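# A structural walkthrough
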Protein chains: 4
Amino acid sequence: MKATWRVMLAICAGLLVLPQAHAQTPAAPPSGGDTALIEDIVIGSRILAEFGVLDGFGHVSARDPKNPNHFLMSRSLAPALVSADDIMEFDLDGNAIDPRGRSLFLERFIHSEIYKARPDVMSVVHTHSPGVIPFGVSQVPLRAMFHNAAFLAAGTPVWDIRKDFGETDMLVRDPARGKSLAQVLGDKPVVLMRGHGDVAVGPSVKMAVFRAYYTDVDARLQSQAVALGGEVNYLTPAEGAKADAINAAVIDRIWNLWKMRVAATLAK
Amino acid sequence: MKATWRVMLAICAGLLVLPQAHAQTPAAPPSGGDTALIEDIVIGSRILAEFGVLDGFGHVSARDPKNPNHFLMSRSLAPALVSADDIMEFDLDGNAIDPRGRSLFLERFIHSEIYKARPDVMSVVHTHSPGVIPFGVSQVPLRAMFHNAAFLAAGTPVWDIRKDFGETDMLVRDPARGKSLAQVLGDKPVVLMRGHGDVAVGPSVKMAVFRAYYTDVDARLQSQAVALGGEVNYLTPAEGAKADAINAAVIDRIWNLWKMRVAATLAK
Amino acid sequence: MKATWRVMLAICAGLLVLPQAHAQTPAAPPSGGDTALIEDIVIGSRILAEFGVLDGFGHVSARDPKNPNHFLMSRSLAPALVSADDIMEFDLDGNAIDPRGRSLFLERFIHSEIYKARPDVMSVVHTHSPGVIPFGVSQVPLRAMFHNAAFLAAGTPVWDIRKDFGETDMLVRDPARGKSLAQVLGDKPVVLMRGHGDVAVGPSVKMAVFRAYYTDVDARLQSQAVALGGEVNYLTPAEGAKADAINAAVIDRIWNLWKMRVAATLAK
Amino acid sequence: MKATWRVMLAICAGLLVLPQAHAQTPAAPPSGGDTALIEDIVIGSRILAEFGVLDGFGHVSARDPKNPNHFLMSRSLAPALVSADDIMEFDLDGNAIDPRGRSLFLERFIHSEIYKARPDVMSVVHTHSPGVIPFGVSQVPLRAMFHNAAFLAAGTPVWDIRKDFGETDMLVRDPARGKSLAQVLGDKPVVLMRGHGDVAVGPSVKMAVFRAYYTDVDARLQSQAVALGGEVNYLTPAEGAKADAINAAVIDRIWNLWKMRVAATLAK
């Protein structure tokens, strides 16, 4: 629903109206910037907003393949409004390379510390995914219900900020909290955050977005299966590993569909 | 969904069509009126309608900062249709300052009595929020599931009109019922009303609307967590207090997104 | 959502496209026809389709106030597509007064027999309301969760076609089945039909549509309340009776909102 | 929701924009092709995408009535994007008759093996229907809740790929897996696939699509009924057989409604 009216504005009026994003003074692209990669971040942010995995909060980032010690991420902005001009470059301590006085996401340390701990990770997505939040505060672990969410069969750890940091404002607002979160994530693709949301990671923006999306879908399906009562026949870890390889192979089929849905909101 | 077709009407036809609202003879703004504040009431009403927190019923009000013994609120009208011209001024006994023969909300005493009892409250929102109604008739208290709903960690009292007034029509249709409700609200940000809905209050229209919205989201999340079975690890009151301070700091990020969604329905 | 694209077609292209409905040769209005009443049937059908209370099946009828032994109802057509030209007149045995070779709803006997048994009823709505179907096959009775559904506090009987007719095709396809259903409805505003849907009746099309809508809402809310576990504090019959009188008084507020949503689909 | 913005693009801009589908070089229609049948496959794919029964994955096929040993199915493409040009012809071993270097669905053997085993089946639909997946991993069998899903009263077997093939990637990627699935389907209209989705079959594309749709609706309704607790009064097999005959008789009423919703996305 979310992108619909913006599409309409653009098409019917013959021009695009995205006031908040475009009110920004256009800036030079991030020094290590890569146009296709920035587009993936923008499209991925808008896809997750379109489908309600993100609301006004949450963020998508990508490691810079030319400089693996830097990553790209929007200035502080609702993901549905992120445009290429909003993407900034950060180092692995969460410092903006060219801050230009812009507001930054308080929780950019989720990204910086995971990139530091996980050289294989090329993209990080943080959401307050409504399907998933119940599993972050429950004793019932999130598990893989079907092959599109096969990556969950590897196990889904829950990070409780209170364990290391006591009673906080719940935010990953410094490197220490980010490091603690990255440790609980371990080598997994998804970590749940108690009373907050989750983080999905992947070898590309497409895969991290796909995982954030299907983690939400899977959680809703598991809730329904648990409510039916009795044993639930989840994917085994071996099934999950095999099925996840297929997801990587067919991802363009759904990514292209998603992209068409949100692309019109970006036309100049 | 709700605003979509109105946006389309406006854009495609090149003019805005809001017949019911505009059929009203335009009137002078409320004597103590403040354009930005009135806009917040209008935008807030339409946001909550857009997201299904309000349907054809419910209302958003604001205390007049220049005259704290008055408050601003629409004439009786579905919140999705409220425009600036519909906003009227009331005293703290619920009397319209300039009634002009308009229909008034029967339940304006929810607002008047809360403004009387709570000098800190600058805005009041009353909804029949579908996520929340089940908690108003359940023995399970509504609690804070995640940081965006941190304000609920302070506790969510339930007002049962039957306790003081016996078997009624359920409506807060006089000052005595409003006073009873305000007493149960106490110093909290949200009170549930058995068999009816809820009231969220805040230091600004934005915050009251934010709270009404996330109260609904939180209730749906808690329903899912409870249905999973076992203990649920809610936010503690100390976590809630800290996290709610952050919500106040980042509210413009989501308010601006919401405002863009509904702003086109208001263009002249 | 359902009406949205049709609104757009009409507005953007500058003409209305409702091929199926308009392919019909326009006919004289029903002999006892009343333009405003026919409009209410059309609007009511489209409202319930817009909100998912009706899908491709179900129907809205009205008793002819000038000839109480006749009622008005569409030819067999999906409710989202019903236009004034589709409305036909029937007697209380379910015979079309001027059949013109049109397909008729198999289940028109739901309407004819209820009008026969209940002189107070001026409108009948039959739906496969998704919120309600679970209560038609459950041992848990549907009850009034909040004041907008106050009419349910009078009790909601369930009609099981198997009791009188054995194993059937589940349809009310003759006067005997309609009479059996009307007997179980008794003097209530709503009756559930096991494995099928429900029927809501009222003193006007607006009230019958309002009741069909809020019966669905209430059922969804009750499902959530029951799932929380423990006692649920429903409206009492006395509260229900008082609150329902208010619904009748404020119905135009929501009806006018709903009508605006679907009116554009009807423009010529 | 899904088709809405594409409708708008087409209407407002006066031309149709379906880049991915139209980027394909138009090809001769399948040798045994039948224009009306191909249209049904296209419309059926888009209907199921429109209503969320299909997301980016899943497929609709039809047996060629002129050559019952061949069937028609899209090249590998998200169902919301399928156009007539994408439809290809296959033999019952899953070989494309005229491959033209196109990507094929890995799981076309679901279709080929069911056509081989079931001469009565003229159409096959495979979905990851979100309502149904929980029943594929649960011990609670999916049953018929109401007359529109009467075909489920015949029983809904669950195929667990692990039983015959051990820990796999979950996909029906070869004839042996398809044959095993077809054996579990037996003479039923629907088979669930553990950790994956379901398959609905029928004597026509309309009926297979109708069944895929109402299988999803029914599953959601049953989940709600089970959650209420206590016995659920399902349709009996005899009721199901009788009611399903009616569905076949009235299917055009809902098919025509659905078709109108998606037809504009196909205009040239």
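Now for a description of the structure that goes with this document. Position numbers for residues count from 1 along each chain, tracking the sequence in the order it is written. Chain A is the first chain written and ligand 1 is the first ligand written, with later ones labelled in order. Selection of residues for local features in this predicted model requires a pLDDT of at least 70, selection of side-chain atom pairs for listing and counting requires 80 or more, and totals for whole chains, interfaces and linings are taken over all residues. Note that the side-chain values use all heavy atoms of the structure and ignore hydrogens as well as water.

### Things to note about the overall build of chain A
- A run of H or I in DSSP becomes a helix once it reaches four residues, and a run of E becomes a strand once it reaches two; helices and strands are each numbered from the N terminus. On a plain count of helices and strands, chain A comes out with nine helices and seven strands.
- Buried means the residue's accessible area, taken with a 1.4 Å probe over protein chains only, is under 20% of the maximum for its type, while exposed means over 50%, and partly exposed covers the values in between. Taken across its 268 residues, chain A has 63% of its residues classed as buried.
- Residue pairs at least 24 apart in sequence account for 69% of intrachain contacts in chain A once pairs closer than 6 positions are excluded.
- Summed over its atoms, the accessible surface of chain A is roughly 8500 Å², and 54% of this surface lies on carbon and sulfur atoms. Any two residues whose heavy atoms approach within 4.5 Å are treated as being in contact. Only the protein chains shown count as covering a residue, and every accessible area follows the Shrake-Rupley method with a 1.4 Å probe.

### Some words on the environment of Ser 138 of chain A
- In this structure, Ser 138 of chain A sits in the loop between helix 5 (133-136) and strand 5 (158-159).
- Taking C-alpha positions, Ser 138 of chain A is 8.7 Å from Arg 194 of chain A, a pair spaced 56 residues apart along the chain.
- Discounting chain neighbours no more than four positions away, the residues touching Ser 138 of chain A are Leu 228, Gly 229 and Glu 231 of chain B.

### A word on the nonpolar core
- We define a nonpolar core as any set of buried Ala, Val, Leu, Ile, Met, Phe, Trp, Tyr and Cys residues linked to one another through side-chain atoms lying within 4.5 Å. Counting residues in hydrophobic clusters, the biggest one holds 90 residues, and the most contacted among them are Ile 114 and Val 199 of chain A together with Leu 48, Met 145, Tyr 214 and Trp 258 of chain B.
- Here this core takes 13 residues from helix 8 (residues 205-228) of chain B, the largest share from any one element.
- Setting aside anything within four residues of it in sequence, one finds Ile 114 of chain A in contact with Val 121, Val 124, Ala 182, Leu 185, Val 199 and Val 201 of chain A.

### Describing the sheet that holds strand 6 (residues 190-193) of chain A
All names here are of chain A.
- Two strands pair if DSSP finds at least two bridges between them. Read across the sheet, seven strands follow the order 3-2-1-4-7-6-5 without closing on themselves; strand pairing throughout is mixed. Among the strands making up the open sheet, the edge pair consists of strand 3 (87-91) and strand 5.
- Every axis corresponds to a line fitted to the C-alpha atoms, with the helix fit spanning only the stretch in contact, and the corresponding angles, defined between N-to-C directions, vary from 0 to 180 degrees. Contacts between helix 4 (residues 108-117) and the sheet are confined to strand 1 (59-63), strand 2 (70-74), strand 3, strand 4 (123-127), strand 6 and strand 7 (197-202), with strand 4 contributing the most and set at about 145 degrees to the helix.
- Taken strand by strand, helix 8 (residues 205-228) contacts strand 1, strand 4, strand 6 and strand 7, and its axis lies near 145 degrees from that of strand 7.

### Some points on the packing of aromatic side chains
- Aromatic rings from Phe, Tyr and Trp, with only the six-membered ring used for Trp, were paired whenever their centres fell within 6.5 Å, and each pair was classed as stacked if the ring planes differed by under 30 degrees, edge-to-face if by over 60, and tilted otherwise. Applying the stated criterion to the full structure yields 32 aromatic pairs over all chains.
- With a centroid separation of 5.9 Å and an interplanar angle of 55 degrees, the aromatic rings of Phe 51 of chain A and Trp 258 of chain A are classed as tilted. You can see Phe 51 of chain A sitting in the loop between helix 3 (35-50) and strand 1 and its partner Trp 258 of chain A sitting in helix 9 (residues 237-263), a full 207 residues away along the chain.
- Note on Phe 51 of chain A: relative accessible area 25%, which makes it partly exposed.
- Residues Phe 146 of chain A and Tyr 214 of chain A carry aromatic rings whose centres are separated by 6.0 Å and whose planes lie at 65 degrees to one another, so their mutual orientation is edge-to-face. Of this pair, Phe 146 of chain A sits in the loop between helix 5 and strand 5 while Tyr 214 of chain A is found in helix 8, placing the two residues 68 residues apart along the sequence. The pair formed by Phe 146 of chain A and Tyr 214 of chain A is uniform in burial state, with each residue classed as buried.
- Taken together, the aromatic side chains of Phe 51, Phe 146, Phe 210, Tyr 213, Tyr 214 and Trp 258 of chain A make up a single cluster linked through ring pairs.
- Over the ring of Phe 165 of chain B we find Arg 177 of chain B; its NZ or CZ atom is 5.8 Å from the centre of that ring. Only lysine NZ and arginine CZ atoms are considered, and such an atom sits over a ring when it is within 6 Å of the ring centre and within 35 degrees of the ring normal.

### So, the side chain of Asp 218 of chain A
Residues and elements named next belong to chain A.
- Locating Asp 218 in the fold gives a position in helix 8.
- Positive charges are assigned to Lys and Arg, negative charges to Asp and Glu, while His and the chain termini are left out of the count. Just to be clear on terms, a salt bridge is a Lys or Arg side-chain nitrogen sitting within 4 Å of an Asp or Glu carboxyl oxygen. Notably, Asp 218 is buried but unbridged: the nearest opposite-charge side chain belongs to Arg 143, and the N-O separation is 8.7 Å.
- Leaving out residues up to four positions away in the same chain, Asp 218 has contacts with Leu 142, Arg 143, Ala 144, Met 145, Phe 146, Ala 149 and Leu 152.

### Some points on the packing of helix 4 (residues 108-117) of chain C against helix 7 (residues 175-185) of chain C
All names here are of chain C.
- The interhelical angle for the contact between helix 4 and helix 7, taken along N-to-C directions, is 55 degrees, at an axis separation of 8 Å. Judged by the angle between their axes, helix 4 and helix 7 are oblique. For helix 4 against helix 7, the interelement crossing comes out right-handed. Contact residues: Phe 109, Ile 110, Glu 113, Ile 114 and Ala 117 in helix 4; Pro 175, Gly 178, Lys 179, Leu 181, Ala 182 and Leu 185 in helix 7. For classification, angles of less than 35 degrees are called roughly parallel, those exceeding 145 degrees roughly antiparallel, those between 65 and 115 degrees roughly perpendicular, and all remaining angles oblique. The crossing is said to be left-handed when, going from far helix to near helix, the turn is anticlockwise and less than a right angle, and right-handed when the turn is clockwise.

### Quick notes on the sheet that holds strand 1 (residues 59-63) of chain B
Residue and element names in this part refer to chain B.
- Read across the sheet, seven strands follow the order 3-2-1-4-7-6-5 without closing on themselves; strand pairing throughout is mixed. At either margin of the open sheet sits one strand with a lone partner, and together these are strand 3 (87-91) and strand 5 (158-159).
- Sheet topology note: the strand 2 (residues 70-74)/strand 3 ladder contains five bridges and is antiparallel. Paired with Met 73 across the bridge in strand 3 is Met 88.
- Helix-sheet contacts for helix 3 (residues 35-50) involve strand 1, strand 2, strand 3 and strand 4 (123-127), and the interaxial angle to strand 1 is about 155 degrees.

### A word on helix 7 (residues 175-185) of chain D
Residues and elements named next belong to chain D.
- Taken residue by residue, helix 7 has Arg 177, Gly 178, Ser 180, Leu 181, Ala 182 and Leu 185 as its buried positions.
- Those residues of helix 7 hidden inside the fold are in contact with helix 4 (108-117), strand 5 (158-159), helix 6 (161-165), strand 6 (190-193) and strand 7 (197-202).
- Capping the start of helix 7, Asp 174 holds a side-chain oxygen 3.2 Å from the backbone nitrogen of Ala 176, two or three residues further along.
- After helix 7 finishes, the residue Gly 186 shows a positive phi value of roughly 60 degrees. Polar contacts, as counted here, are pairs of nitrogen or oxygen atoms within 3.5 Å of one another; within protein the pair requires one atom able to donate a hydrogen and one able to accept it, and residues that are adjacent in sequence qualify only if both atoms are side-chain atoms.

### Structural notes on the packing of helix 3 (residues 35-50) of chain C against helix 8 (residues 205-228) of chain C
Residue and element names in this part refer to chain C.
- Taken N-terminus to C-terminus, the directions of helix 3 and helix 8 make an angle of 10 degrees; their axes are 9 Å apart at the nearest point. Put simply, helix 3 runs roughly parallel to helix 8. Contacts between helix 3 and helix 8 involve Leu 37, Asp 40, Ile 41, Gly 44, Ile 47 and Leu 48 from the first element and Val 205, Lys 206, Val 209, Ala 212 and Tyr 213 from the second.

### Quick word on the pairing of strand 6 of chain A
Residue and element names in this part refer to chain A.
- The side-chain alternation of strand 6 yields two buried faces, one formed by Val 190 and Leu 192 and the other by Val 191 and Met 193.
- With two bridges connecting them, strand 5 and strand 6 associate as parallel partners. Paired with Trp 159 across the strands is Met 193, a residue of strand 6.
- With four bridges connecting them, strand 6 and strand 7 associate as antiparallel partners. Paired with Val 191 across the strands is Val 199, a residue of strand 7.
- Adjacent in sequence and paired antiparallel, strand 6 and strand 7 are bridged by three residues, among which Gly 195 carries a positive phi angle near 65 degrees.

### Things to note about helix 4 of chain D
- Within helix 4 of chain D, eight of the 10 residues are buried, which leaves the element mostly enclosed by the surrounding structure.
- Every buried residue of helix 4 of chain D is listed here: Arg 108, Phe 109, Ile 110, His 111, Ser 112, Glu 113, Ile 114 and Tyr 115 of chain D.

### As for the pattern of salt bridges
All names here are of chain A.
- On inspection of all chains with the given rule, the structure shows 61 salt bridges over all chains.
- Between Arg 194 and Asp 160 there is a salt bridge, with its nearest N and O atoms 3.0 Å apart. With Arg 194 in the loop between strand 6 and strand 7 and Asp 160 in the loop between strand 5 and helix 6 (161-165), this pair connects stretches of sequence that are 34 residues apart.
- With relative accessibility at 2%, the residue Arg 194 sits in the buried group.

### Thoughts on the environment of Met 122 of chain A
All names here are of chain A.
- Residue placement: Met 122 occurs in the loop between helix 4 and strand 4.
- When its relative accessible area of 25% is taken as the criterion, Met 122 is described as partly exposed.
- Residues Met 122 and Ser 204 lie 82 residues apart in sequence; the distance between their C-alpha atoms is 5.3 Å.
- Beyond its immediate chain neighbours, meaning those up to four positions away, Met 122 contacts Ser 61, Ala 62, Arg 63, Pro 65, Tyr 115, Gly 202, Pro 203 and Ser 204.

So, to be careful, I would describe these as geometric facts and stop short of saying anything about function.
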